[in-house]
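This is what each chain is made of:
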Amino acid sequence: MTKTEIFAELERRLGPLDEPIKRAVEAALELLRQPDDDAPSVPPLVFQGENPPFAEMANLPEEERIRIMDELADLNHDWLERKRVELGARWMIVVDGEVLAYGPTLANYPSQQEMREMCEKTGKMLLLHEAPLLIEERAPWHPTIYAADSYPTLPITFTGNNRSVDVVADFDTGSCDVCVNADV
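Structural notes, computed from the coordinates. Nothing here was measured: the structure is a model prediction, and the numbers come from that model.

Counted according to the given criterion, the structure contains two aromatic pairs. Between Phe-47 and Trp-79, the ring centres sit 5.1 Å apart and the planes meet at 75 degrees, which makes this aromatic pair edge-to-face. You can see Phe-47 sitting in the loop between helix H2 (19–33) and helix H3 (54–58) and its partner Trp-79 sitting in helix H5 (residues 77–87), a full 32 residues away along the chain. Under the relative-accessibility criterion, Trp-79 is labelled buried at 7%. Ring centres of Trp-91 and Tyr-109 lie 5.3 Å apart, and the angle between their planes is 70 degrees; this geometry places the pair in the edge-to-face category.

Structure representation (structure tokens):
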């Protein structure tokens, strides 16, 4: 907002301003423009480290690849989240602090082939960062028949036609749509 716009808004709210009031407003605006020397300086967030070489990572066991990429993601968590929010992205692919691809939904998520081509082109393993899935963080988890394995669930009650049906939605199927018979 310019000084002229500020004066116009003040006069709209308060009525005509006399010269001493205008000088006081100008002095206050000048004070606001000056840096606050007492404020602690916060260093800008920068991407730390580098994505590992794709050729080396391809020869490692999957658990080791996951561990290395998780360490890089943890080291850069704040940077990744800030960049994801700035872009309005649901997901993004990063190499050495450069966002190669991103999307607001999963509809344009790259295929395995497209990601492999990005790896080959950059020579680096891709760092994939996604928005947190809040349902998985807050939902109750149901164990499977496998040791140390479970999936998130959400109890839902559908009510209509003087009846109600309780169901437990399973969020481990990869389905992003749920269909319910309206006659039930």
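The structure having been displayed, the exposition proceeds.
As a further point, take the pairing of strand S1 (residues 91–95). Counting buried positions over the five residues of S1 gives five, a clear majority of the element. Burial along S1 is two-sided: the face carrying Trp-91, Ile-93 and Val-95 and the face carrying Met-92 and Val-94 are both buried. As defined by bridge partners, S1 adjoins strand S2 (residues 98–103) across five bridges and the pair is classed as antiparallel. Its bridge partner being in S2, Ile-93 is matched across the sheet by Ala-101. What sits between S1 and S2 in their antiparallel hairpin is a turn of two residues, with Asp-96 showing a positive phi close to 50 degrees. Relative to strand S3 (residues 127–130), S1 runs antiparallel, the two being bridged by four bridges. Looking at S3, one finds that Trp-91 is bridged to Glu-130.

What the rule picks out here adds up to 12 salt bridges. Put simply, Glu-81 and Arg-84 hold a salt bridge, and the shortest N to O gap is 2.8 Å. Pair noted here: Glu-81 and Arg-84 are both in helix H5, with a separation of three residues, about one helical turn. The pair Glu-81 / Arg-84 is uniform in exposure class, with both members buried. For Arg-116, the salt bridge is made with Glu-120, and the minimal N-O distance between the two is 3.4 Å. Of the two residues, Arg-116 and Glu-120 are both situated in helix H6 (residues 112–122); the distance of four residues between them amounts to about one turn of the helix.

As for its placement among the helices and strands, Lys-124 is situated in the loop between H6 and S3. For Lys-124, a relative accessible area of 15% translates into the label buried. Engagement of the side chain of Lys-124 in a polar contact is seen with the backbone oxygen of Asn-51, the distance being 3.1 Å. In this structure the side chain of Lys-124 is engaged in a polar contact, spanning 3.1 Å, whose partner is the side chain of Asp-96. Excluding residues within four positions of it along the chain, Lys-124 makes contact with Glu-50, Asn-51, Pro-52, Pro-53, Phe-54, Val-95, Asp-96 and Cys-119.

A word on the sheet that holds S2. Strand order across the open sheet formed by three strands is S2-S1-S3, with antiparallel pairing between neighbours. On the outer flanks of this sheet lie S2 and S3, each paired with one strand and no other. The sheet shows a mean angle of 20 degrees between the axes of neighbouring strands, direction not considered.

In this section: the nonpolar core. Core analysis: the biggest nonpolar cluster contains 20 residues, and Leu-80, Val-94, Leu-126 and Leu-127 have the highest contact counts within it. For this core, the elements supplying multiple residues, two or more each, are H3, helix H4 (62–75), H5, S1 and H6. For this core, the element with the most residues is S1, which contributes five residues. Residues within four places of Val-94 in sequence aside, it is in contact with Phe-47, Asn-51, Trp-79, Leu-80, Val-99, Leu-126 and Leu-127.

Reading guide: rules and limits
- Residues numbered from 1 in each chain as written.
- Predicted model: local features only at pLDDT ≥ 70, side-chain atom pairs only at ≥ 80, totals over all residues.
- Heavy atoms only, no water.
- Phe/Tyr/Trp six-rings, centres within 6.5 Å; stacked < 30°, edge-to-face > 60°.
- Helix = DSSP H or I, 4+ residues; strand = E, 2+ residues; numbered from the N terminus.
- Buried < 20%, exposed > 50% of the residue type's maximum accessible area, 1.4 Å probe, protein only.
- Pairing = 2+ DSSP bridges.
- Salt bridge = Lys/Arg side-chain N within 4 Å of Asp/Glu carboxyl O.
- Polar contact = N/O pair within 3.5 Å; in protein donor to acceptor, adjacent residues only side chain to side chain.
- Contact = heavy atoms within 4.5 Å.
- Axes fitted to C-alpha atoms, helices over the stretch in contact; angles between N-to-C directions.
- Core = buried A, V, L, I, M, F, W, Y, C linked by side-chain atoms within 4.5 Å.

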